[in-house]
Amino acid sequence: MATPVLFIHGLWLHASSWDPWVQLFRAAGYEPHAPGWPGDGDTVDASRANPDAIADHGIDDVVTHFAGIIEQLPTAPILVGHSFGGMIAQKLLGQDRALAAIAIDAAQIKGVLPLPLSALRSTLPVFKNPANRHRAVSLTAEQFRYAFANTVSEEESNELFQRWTIPAPGRPLFEAAAANFNPHSPAEVATDNQTRGPLLLIASGKDHTVPETVTRATLKQYRHSDAVTDIKTFPDRAHSLTIDSGWREVAGTCLAWLREQSL
């Protein structure tokens with residue numbers, strides 16, 4: 001039986017942005033799945049047409065949603081998450097719901113203190129209005145270029161924006177921002193779990209939204225666990241590394257790491 005792989009997208013990208021990865025992982029012998037978040041439409045256009053369905057879903061809602069999907073799988077999956085999907089993957093791995101997890105430019109979990117200015121600028125479209133906590137917020141092409149695609153051409157950035165972007169709920173960002181002040185934050189991850197499966201953190205050296213310092217601070221949160229926790233960095237890549245023209249290099253690195261873990 002092929003090992004299932006569950007791809008988890010982050011804010012502002014539709015689940016179909018994983019399609020090239022799904023094809024590659026299926027060719028490598030896995031059984032890949034790329035479901036959307038609660039409220040996402042089946043397509044990019046459907047999601048854009050109904051932002052109210054996407055609005056007001058928080059971190060716990062998304063974790064519960066994917067935990068339910070995992071329960072329907074024949075065996076525990078490997079998780080591959082990007083951005084907030086990377087946080088969700090870490091939470092599910094910490095709950096022993098997965099064989100392993102790969103968190104790519106993952107949103108900061110509770111305990112991570114660095115808050116670079118570029119990250120604040122990237123998320124300003126949400127934080128500029130407190131009411132956005134309960135709304136779905138869309139990015140402009142210019143905002144997407146800064147937050148995601150600052151290392152590719154403007155032409156490629158615009159193409160990625162038109163092809164993959166959807167509105168995103170503001171609530172997860174507000175929850176993550178308050179994580180270190182909330183004793184019961186949904187952004188908390190069981191980083192001290194000794195029996196969980198292996199975890200790979202991937203950082204991008206030129207990421208504005210989740211700078212490398214955030215990923216390295218995340219790695220330190222796992223210092224009390226003896227479970228495998230690795231980190232790999234792409235020095236010249238940005239937050240769009242899973243969807244831009246260099247995606248195959250990142251996917252190949254993930255597949256190679258899984259082989260190293262005999263998964």
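Conventions adopted
- Residues numbered from 1 in each chain as written.
- Predicted model: local features only at pLDDT ≥ 70, side-chain atom pairs only at ≥ 80, totals over all residues.
- Heavy atoms only, no water.
- Helix = DSSP H or I, 4+ residues; strand = E, 2+ residues; numbered from the N terminus.
- Rg over C-alpha atoms; globule rule 2.2 N^0.38 Å.
- Buried < 20%, exposed > 50% of the residue type's maximum accessible area, 1.4 Å probe, protein only.
- Contact = heavy atoms within 4.5 Å.
- Lys, Arg positive; Asp, Glu negative; His and termini not counted.
- Charge placed at Lys NZ, Arg CZ, Asp CG, Glu CD.
- Pairing = 2+ DSSP bridges.
- Right-handed = clockwise from strand over helix to strand, strands pointing away.
- Axes fitted to C-alpha atoms, helices over the stretch in contact; angles between N-to-C directions.
- Parallel < 35°, antiparallel > 145°, perpendicular 65-115°, else oblique.
- Left-handed = near helix turned anticlockwise from the far one by under 90°.
- Nonpolar A, V, L, I, M, F, W, Y, C, P; charged D, E, K, R; others polar.
- Salt bridge = Lys/Arg side-chain N within 4 Å of Asp/Glu carboxyl O.
- 1 Å grid on protein atoms, 1.4 Å probe; cavity = no way out; pocket = protein on both sides within 12 Å on 5 of 7 lines; lining within 4 Å.
- Points joined across faces, edges and corners; volume = space filled by probe spheres on them.
- UniProt positions renumbered as here; feature names shortened; annotations may be inferred.
- Patch = residues over 30% accessible without salt bridge, like charges linked within 9 Å, V, L, I, M, F, W, Y side chains within 5 Å.
- Areas by Shrake-Rupley, 256 points an atom, 1.4 Å probe, with all protein chains shown as cover.
- Arc of directions from axis to C-beta.

- The chain has the name Lysophospholipase, alpha-beta hydrolase superfamily in an unreviewed UniProt entry, where Asanoa hainanensis is given as its organism.

Structural notes on the overall build of the chain
- Per the secondary structure count, the chain includes 11 helices and eight strands.
- At 17 Å, the chain has a C-alpha radius of gyration in line with the 18 Å of a compact globule built from 263 residues.
- In terms of principal-axis extent, the alpha carbons of the chain reach across some 45 × 40 × 35 Å.
- In the chain, which comprises 263 residues, the proportion classed as buried is 56%.
- Considering only contacts within the chain whose residues lie at least 6 apart along the sequence, 76% involve residues at least 24 apart.
- Across the chain, the 21 positively charged side chains and the 28 negatively charged ones have centroids separated by 4 Å.

Structural notes on the pairing of strand β4 (residues 100–104)
- Burial within β4 is extensive, with five of its five residues counted as buried.
- Note that strand β3 (residues 78–82) and β4 share five bridges and pair parallel. Each bridged residue has a counterpart across the sheet, and for L79 the counterpart in β4 is A101.
- Remark: the β3/helix α5 (residues 84–94)/β4 crossover connection has right-handed handedness.

Section: the packing of helix α4 (residues 59–71) against α5
- Between α4 and α5, the shortest axis-to-axis distance is 10 Å and the interhelical angle comes to 60 degrees. The pairing of α4 with α5 is recorded here as oblique in orientation. Every pair of crossing elements has a handedness; the one defined by α4 and α5 is right-handed. Listed contacts from α5 to I59, D60, V62, V63, F66, A67 and I70 of α4 are F84, M87, I88, K91 and L92.
- When its residues are assigned to classes, the contact of α4 with α5 shows 10 nonpolar, no polar and two charged.

A few points about the side chain of E156
- Among the structural elements, E156 can be located in helix α8 (residues 154–164).
- For the buried E156, no salt bridge is present, and the opposite-charge side chain at shortest range is R237, 7.3 Å distant.
- In contact with E156, not counting residues within four places along its chain, are D244 and S245.

Points about empty space enclosed by the protein
- Inspection of the entire model under this criterion finds three cavities of 30 Å³ or more.
- If you trace the largest cavity, you find it lined by H9, G10, L11, W12, L13, W37, D40, I54, I166, P167, A168 and P169.
- Looking at side-chain class alone, the lining of the largest cavity contains nine nonpolar, two polar and one charged residues.

Concerning the UniProt feature "domain: AB hydrolase-1" (unreviewed entry) in the chain
- Here the UniProt feature "domain: AB hydrolase-1" (unreviewed entry) sits at residues 5–251.
- Structurally, residues 5–251 comprises 38% helix and 13% strand, and the distance from its first C-alpha atom to its last is 13 Å.

Thoughts on a nonpolar patch on the surface
- A cluster of nonpolar side chains, namely L115, L117 and L120, defines an oily patch on the protein surface of about 320 Å² accessible area.
- Tracing the sequence through the fold places L117 in helix α6 (residues 117–127).
- By relative accessible area, which is 70% here, L117 ends up exposed.

Let's talk about the environment of S245
- Its location among the elements puts S245 in the loop between β8 (229–234) and α11 (247–260).
- C-alpha of S245 to C-alpha of Q72: the two residues are 173 residues apart in sequence and 33 Å apart in space.

Comments concerning unusual backbone geometry
- You will see that W12, though not glycine, has its phi angle at about 75 degrees, which is positive.
- Given a relative accessible area of 6%, W12 falls into the buried group.
- Positive phi values are uncommon outside glycine, yet D105 reaches one of about 45 degrees.
- Locating D105 in the fold gives a position in the loop between β4 and α6.

Overview of α8
- Among all positions in α8, only E156, S157, L160, F161 and W164 are buried. Down the axis of α8, the buried side of the element spans an arc of 140 degrees, and every buried residue falls inside it. Opposite its buried face, α8 presents the exposed residues E154, E155 and Q162, each directed more than 90 degrees away.
- Where α8 is buried, its residues touch α2 (44–49) and α7 (141–147).

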